[in-house]
Amino acid sequence: MEAGIDLQSSAIEMLTGFGVPPGAAKAMWMPLPMTLMLAVATFGVLVSVWLERKISAAAQQRIGPEFAGPLGSLQPVADGLKLVFKEDVVPNQADPWLFTLGPIIVVIPVFLSYLVIPFGQHLVLTNVAIGAFFWIALSSVTPIGLLMSGYASNNKYALIGGLRAVAQSISYELPLALSVVAVVMMSNSLSTIDIVEQQSSYGILGWNLWRQPVGFIIFWIAAVAETERLPFDLPEAEEELVAGYQTEYAGMKFALFYLGSYVNLVLSALFFSIFYLGGWNFIVPIEWILDGLNLSADIAWVQVLTATLGIIMVLVKTYLLVFVTILLRWTTPRVRIDQLLDLGWKFLLPVSLVNLLLTAGLKLAFPFAFGG
Amino acid sequence: MDVVTLASQLNAGTIIPEGIVTLTLLVVLVGDLIAGRKSASWLPYVAIVGLLGAIAALFVQWNGTSDTIAFLGAFNGDALSIVFRGIVVLSTIITVLVSISYVRQSGTSLSEFLSILLAATIGGMFLCGASELVTVFIALETLSIASYLMTGYTKGDVRSNEAALKYLLIGAASSAVFLYGASLLYGLAGGETQLDRIGIALSQIETPAIAPVVALVFVICGIAFKLSAAPFHQWTPDVYEGSPTPVVAFLSVGSKAAGFAFAVRMLVTAFGSLTEQWHFIFAALAVLSMILGNAVALAQTSMKRLLAYSSIAQAGFVLIGLIAGTESGYASVIFYLFAYLFMNLGGFACVILFSLRTGTDRISDYAGLYQKDPLLTLTLSICLLSLGGIPPFVGFFGKIYLFWAGWQAELYGLVLLGLITSVISIYYYIRVVKMMVVKEPHEMSETVKNYPEVSWNLPGMRPLQVGIVLALVATSLVGILANPPIDLAKASVQRSPILQASISPAKEVAVSRFAPVQSSEFRVQN
Amino acid sequence: MDLAHGVQLVSFGILAAIAIVAALGVVLLQNIVYSAFLLGGVFASMAGMYLLLNGDFVAAAQLIIYVGAVNVLILFGIMLVNKQQDFPAIKGMWIRKGATALVGAGLLVLLAGTIVTTPWAISTATPTGDGSTLKIGEHFFSDFLLPFELASVLLLIAMVGAIVLARREFVPEDTPTTEEELAFKLPERPRETAAIAGGSQTSPE
């Protein structure tokens, strides 16, 4: 299926049309989507922060931010500006190098993971063959940064918070990866594009949600734990650990953590919608609609329309999930650390292994339904 | 390639013995899970039955098919590997027998000990037949990691922790060096991992390149660590002293036998074109091991340390057979390891029994043991004398055969050194025997004066008794009935294509001329 | 030199520099925590090298195994046990350091010489690129089937062993009979039930 717009090739074509050599045209094109993606990710954070404030206010029967911009929508920007202009405090006897490096190492892998997020058939930065694995591999780097900042803060709350964060992220990475493997097994590919393609045939009925109900739930729990949101926000449990590994941070470095955690939230929701909710697919296949309207998919404005619809679909699904996580935050109590580890190792891990085995069996038994 | 053709090409029947051991491992683990701690009374026997099953499967294979290459060249179940796998399994059986009461008394759980021991056995068995670099490395690591775990098994004991840490660090370093050598081989062979293809690729390098020699040295570092040959022996005394004694028994025999099998296969197949070089390196290792092992053993006061240095020295003796590179050379290696299995395990069984009853392994504490425990004294004496090479025990014939094979291969210097150091070794073995037997009642050590009454009815003691008697009988009788095992060793060499290809025709003539004479010699002596 | 080639060369230079500097830091720095973090840097730059060689699956695996698991484990170990402690200066330490440096340098020269002078047999097979994951899978289930399966035994026993080492002290359920008390004197034997706290009761003879 080659429908949909291909921005890269058309942009390069246009540039070569102006007499730019192909290599240079490609070099000129390359930074564009990257900056765009950075901007999109940051904007996504602003939206989620605003959502968080508004929804938590609603959950507590408050109004929430109101004065900064319409409906308080500029409040996150104000927050960000405040953090940028705050003094950058490095605590006494902290390790200045590791203290600075920690937040950076936490943030970089999260942003890099956006490389493999597809918003449409060709609306992806790099369609690497190992997309899903790439994300899992990158997310395993984050704990190093957490440990680094926890250690460098010269504060026992920070150290315990860092250690907790790492224990948690390692424990939940396994069920997460195993449930992703079950999806990958059905689509015969690690590429995020292929995973979405494989769900595109029957509209909402073709989504992996129905074929992987167990994996769906495991992935959800594990993703919430990976992003350290309630009920799994033990690393920064304020009653016990002040703010965990973030305790000593202020100003821009704290902003990096803050940014990282929200980008990670949006990222997890994006991957969730890709793996289980059909990515850019509409609830009925877009081809059926086009056929019904007697439109060819090659017309330019139809292409733009379908691409826009795809992007909107991805965002709708993603922010639906973000909404659910925010709601979870205000409705569930925090688990204890031993309960957290028990759930991860003694329940989710075996269940996800069984799910993987079951998927393999079903794939052999019903190749038509499970991507034979 | 679809599943059916693949399955038919795998020739998976060759690893049935390993499969049986793996199954036993799972039965032990799951059995313990289901039955709880009560299972400790029957799990060891399950393990022994499984291991005996593996021996039976090996026996069937010995008489069985000629197609020995399995898993598309990853494993070679030829006669050589069958014999070595047999030695590894036998050593595990005896180790299980002697470990039951020890593990019980050290307050650790038996089923995990058994499963780790069985995993080490699986690693050792695969190492005996592995003919491809990746398999070699994984088998080596299975054996090593299981050994590290067993070494640190009595974790309440500081000495055991120290031994485990030392063993782990040195082992990891030597694995890394071996891996570097293997990567050089992979590069030299243009992306081949199978030993025979690497051998062909190495023989096609015309100009004298330095890379194969570097690879050889690095690989030998990995091998010599497993053999505990000097100068790669530093871990041996500390590990032997600190770790649980049954573990040491397995390390000194099972692990070492697997190491020798691996050495033979690796060096003969992959480094066939560098025979002179590896003979030279091994000769140096043998000289160092014999001198250092025997000289330092003289000064030991702890029985386990004494046996540690003795095992270094024994590795040096066995290397002579390897360097000889003739049919009788390899056969003598196999026969000596077979003999070493019984005498060394017998010795360790006695050390276990003594330390169970008295809580010590100082040599001076053995004084006058003869008065209190004749069976223990008899077995330990015979095993030590056999290790020293005193006739008519099995060790004597093993050594004679080794030295004879070395002499035939014109290794006069090595053999002479072996003879001299053997005489030295007799001194320290006899010292222990003298301590136990000759002392007057009033010279008895305090420990032996308080020696508890001998009772074999306590839990776990029967198997220990069986192990001790088995070792005693084998050590004293196999020497007199040496022909069947020697024939077995020879047959295994003759039936292994890789060894036949490496034995040079000129030496072969000399060997075949002397071989009948030699076996009749044994008959005359007996 | 086209763009792709130039980018590749520059990336290799950067990665190699990171790897060498970080590795030197691992060995030479006094602070063990720095060493551990730099080790992560070495692993990550190795992953970058694999990426340059078109082995994207291997690169991701390197990242997830070495950075995500091994290095985190090392750091965990250090942070849970690390007690800041100044070791007493050892007399003549510089001789040992000098000897180590000499041996290291010698090895470097030897290996570098080996690599430069050897006629390596370059594999003629075409690089698989994006299909490398499939290729690895095929190897796992054909000619590397045995090591692949054997690795499962290895991992199983490593897991069992790790649990054995990490769990609380095993306390024998059935207390030894008086007969046994008299007959056995093994020093490793736990004498008190207080062993559940995990202390060591070793009393060397």
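Keep in mind that what you see is a predicted model, and the values were worked out from it rather than measured. In every chain, residue numbers begin from 1 and rise along the written sequence. Think of it this way: whatever chain is written first is A, whatever ligand is written first is 1, and the rest follow in order. The model is predicted, so local features are restricted to residues of pLDDT at least 70 and side-chain atom pairs to those at 80 or more, both for listing and for counting; the totals for chains, interfaces and linings are taken over all residues.

Draft legend 1. Spotlight on the overall build of chain B. Each helix is a run of H or I in the DSSP string that is no shorter than four residues. Each strand is a run of E no shorter than two, and both are numbered from the N terminus. Per the secondary structure count, chain B includes 23 helices and 2 strands. Atoms counted for the radius of gyration: C-alpha only. Globule rule: 2.2 Å times the number of residues to the power 0.38. By the compact-globule yardstick of 24 Å for 526 residues, chain B fits well, its C-alpha radius of gyration being 22 Å. Once the C-alpha set of chain B is aligned to its principal axes, its extents read approximately 70 × 55 × 40 Å. Counting every position in chain B, which comprises 526 residues, the buried fraction comes to 62%. Burial is judged by counting other C-beta atoms within 10 Å of a residue's own C-beta: 20 or more means buried, 12 or fewer means exposed, and anything between counts as partly exposed, with every C-beta placed from the backbone.

Draft legend 2. Representation of the overall build of chain A within the structure. Helix and strand counts for chain A come out as 16 helices and 0 strands. If you line up chain A on its principal axes, its C-alpha atoms span 65 × 55 × 45 Å. For chain A, the residues scored as buried account for 45% of the 372 residues in total. C-beta atoms are first placed from the backbone for all residues, and any pair lying within 7 Å is then listed as a contact. Taking all contacts inside chain A whose residues are at least 6 apart in sequence as the whole, residues at least 24 apart take part in 79%.

Draft legend 3. Highlighting the arrangement of the chains. Counting contacts across all 2 pairs of chains that touch, the top-ranked interface belongs to chains B and C. Across the gap from chain A to chain B, with no contact made, the nearest C-alpha atoms are 13 Å apart.

Draft legend 4. Spotlight on unusual backbone geometry. Residues and elements named next belong to chain B. Here the amide bond leading from Ala230 into Pro231 is cis, since omega sits at 0°, within 30 degrees of zero. Along the chain, Pro231 falls in the loop between helix 9 (211-227) and helix 10 (235-242). Omega for the bond connecting Pro391 with Pro392 falls within 30 degrees of zero, at 5°, which places this linkage in the cis form. Mapping Pro392 onto the fold places it in the loop between helix 16 (374-388) and helix 17 (394-408). Positive phi, normally seen in glycine, also occurs at Ser228, with a value near 50°. Tracing the backbone shows Ser228 in the loop between helix 9 and helix 10. For Ser228, a count of 27 C-beta atoms within 10 Å puts it in the buried group.

Draft legend 5. Summary view of the nonpolar core. Working definition: the nonpolar core is a set of buried Ala, Val, Leu, Ile, Met, Phe, Trp, Tyr and Cys residues, joined through C-beta atoms within 7 Å. Among the nonpolar cores identified, the biggest contains 205 residues, and Leu127(B) and Leu337(B) are the most heavily contacted of them. Top contributing element to this core by residue count: helix 14 (residues 327-358) of chain B, with 22 residues. Ignoring sequence-local partners within four residues, the contact set of Leu127(B) consists of Val136(B), Ala139(B), Leu140(B), Leu143(B), Ala258(B), Ala261(B) and Phe262(B). Val45(A), Trp50(A), Ile221(A) and Trp280(A) belong to the second-largest nonpolar core, a separate cluster that totals 109 residues.

Draft legend 6. A look at the environment of Ala130(B). Residues and elements named next belong to chain B. Along the chain, Ala130 turns up in the loop between helix 5 (110-129) and helix 6 (133-151). A C-alpha to C-alpha distance of 6.1 Å links Ala130 and Ala74, two positions 56 residues apart in sequence. Ignoring sequence-local partners within four residues, the contact set of Ala130 consists of Phe75, Thr135, Val136 and Ala139.

Draft legend 7. Representation of the interface of chain C and chain A. Listed as interface residues are 19 residues of chain C and, on the opposing side, 22 residues of chain A. Elements with a minimum of two residues in the side of chain C that touches chain A: helix 2 (32-52) and helix 3 (56-81) of chain C. When residues of the side of chain C that touches chain A are assigned to their parent elements, the largest contribution, 12 residues, is made by helix 3 of chain C. Note that Gly is not counted as nonpolar here; it falls among the polar residues with everything else outside the nonpolar set of Ala, Val, Leu, Ile, Met, Phe, Trp, Tyr, Cys and Pro and the charged set of Asp, Glu, Lys and Arg. A per-class count over the side of chain C that touches chain A returns 12 nonpolar, 4 polar and 3 charged.

Draft legend 8. Local environment of the interface of chain B and chain C. With 56 residues of chain B in contact, the opposing surface of chain C contributes 46 residues. Mapped by element, the contributors of at least two residues to the side of chain B that touches chain C are helix 1 (3-10), helix 5, helix 6, helix 7 (158-188), helix 9 and helix 14 of chain B. Sort the elements by how many residues they give to the side of chain B that touches chain C and helix 6 of chain B lands first, with 9 residues. When the residues that make up the side of chain B that touches chain C are grouped by side-chain class, the tally is 29 nonpolar, 21 polar and 6 charged.

Draft legend 9. Representation of helix 11 (residues 213-226) of chain A in the model. Residues and elements named next belong to chain A. To estimate how far a helix should extend, the number of its residues minus one is multiplied by 1.5 Å. For helix 11, which comprises 14 residues, the first-to-last C-alpha distance of 20 Å matches the rise-based estimate of 20 Å (1.5 Å per residue) to within 8%. With respect to burial, helix 11 is a largely interior element, 11 of its 14 residues being buried. Of the positions making up helix 11, those classed as buried are Gly215, Phe216, Ile218, Phe219, Trp220, Ile221, Ala222, Ala223, Val224, Ala225 and Glu226. Structurally, helix 11 contributes buried residues whose contacts are with helix 6 (131-139), helix 8 (156-187), helix 10 (208-211), helix 13 (251-276), helix 15 (300-331) and helix 16 (337-365). Immediately downstream of helix 11, the backbone of Glu228 shows phi near 60°, a positive value.

Draft legend 10. Broad picture of the packing of helix 8 (residues 195-203) of chain B against helix 11 (residues 245-270) of chain B. Residues and elements named next belong to chain B. Convention adopted: a line fitted to C-alpha atoms gives each axis, helices being fitted over their contacting stretch, and angles between N-to-C directions are expressed from 0 to 180 degrees. Where helix 8 meets helix 11, the closest approach of the two axes is 7 Å, and the angle between their N-to-C directions is 40°. Taken together, the axes of helix 8 and helix 11 lie oblique to each other. Residue-level inspection shows Leu195, Asp196, Ile198, Gly199 and Leu202 of helix 8 in contact with helix 11, the latter providing Arg265, Met266, Thr269 and Ala270. Taken together, the residues of the contact of helix 8 with helix 11 break down into 5 nonpolar, 2 polar and 2 charged. Any angle that falls under 35 degrees is termed roughly parallel, while one over 145 is termed roughly antiparallel, one within 65 to 115 roughly perpendicular, and all others oblique.

Draft legend 11. Inspection of the environment of Thr68(B) at higher detail. Residue and element names in this part refer to chain B. Tracing the backbone through its elements, the reader meets Thr68 in the loop between helix 3 (43-62) and strand 1 (69-70). We classify Thr68 as buried; it has 22 C-beta atoms within 10 Å. Separated by 57 residues in the primary sequence, Thr68 and Asn11 have C-alpha atoms spaced 8.1 Å apart. For Thr68, the residues in contact, after removing those within four places along its chain, are Thr14, Asn76, Gly77 and Asp78.

Draft legend 12. Geometry of the packing of helix 8 of chain A against helix 16 of chain A. All names here are of chain A. At a minimum axis separation of 9 Å, helix 8 and helix 16 run at an interaxial angle of 10°. Between helix 8 and helix 16, the interaxial angle falls into the category roughly parallel. Note that helix 8 runs across helix 16; the crossing there is left-handed. Partitioned by chemical class, the residues of the contact of helix 8 with helix 16 number 18 nonpolar, 7 polar and 2 charged. Note on convention: the crossing is left-handed when the near helix lies turned anticlockwise from the far helix by less than a right angle, right-handed when the turn is clockwise.

Draft legend 13. Local environment of the environment of Met79(C). Looking at where Met79(C) falls in the secondary structure, it is placed in helix 3. Considered as a pair, Met79(C) and Leu51(C) are 28 residues apart in the sequence and their alpha carbons are 31 Å apart. Ignoring any residue separated from it by four or fewer positions in sequence, one finds Met79(C) in contact with Leu147(A), Tyr151(A), Leu159(A) and Leu163(A).

Draft legend 14. How the structure looks around the confidence of the model for chain B. All names here are of chain B. Values of pLDDT, the confidence the predictor places in each residue, fall between 0 and 100. On average, residues of chain B score 87 in pLDDT, and 95% of them reach the 70 mark or higher. Every residue in residues 506-526 scores below 50 in pLDDT, and together they form 18 contacts with partners more than four places removed in sequence or on other chains. Reported for the predicted complex are a pTM of 0.88 and an ipTM of 0.87.

Draft legend 15. Local environment of helix 6 of chain B. With 19 residues, helix 6 of chain B ought to run about 27 Å at 1.5 Å a step, and its terminal C-alpha atoms sit 26 Å apart, in line with that. Of all 19 residues in helix 6 of chain B, 18 are buried; the element is thus mostly enclosed.

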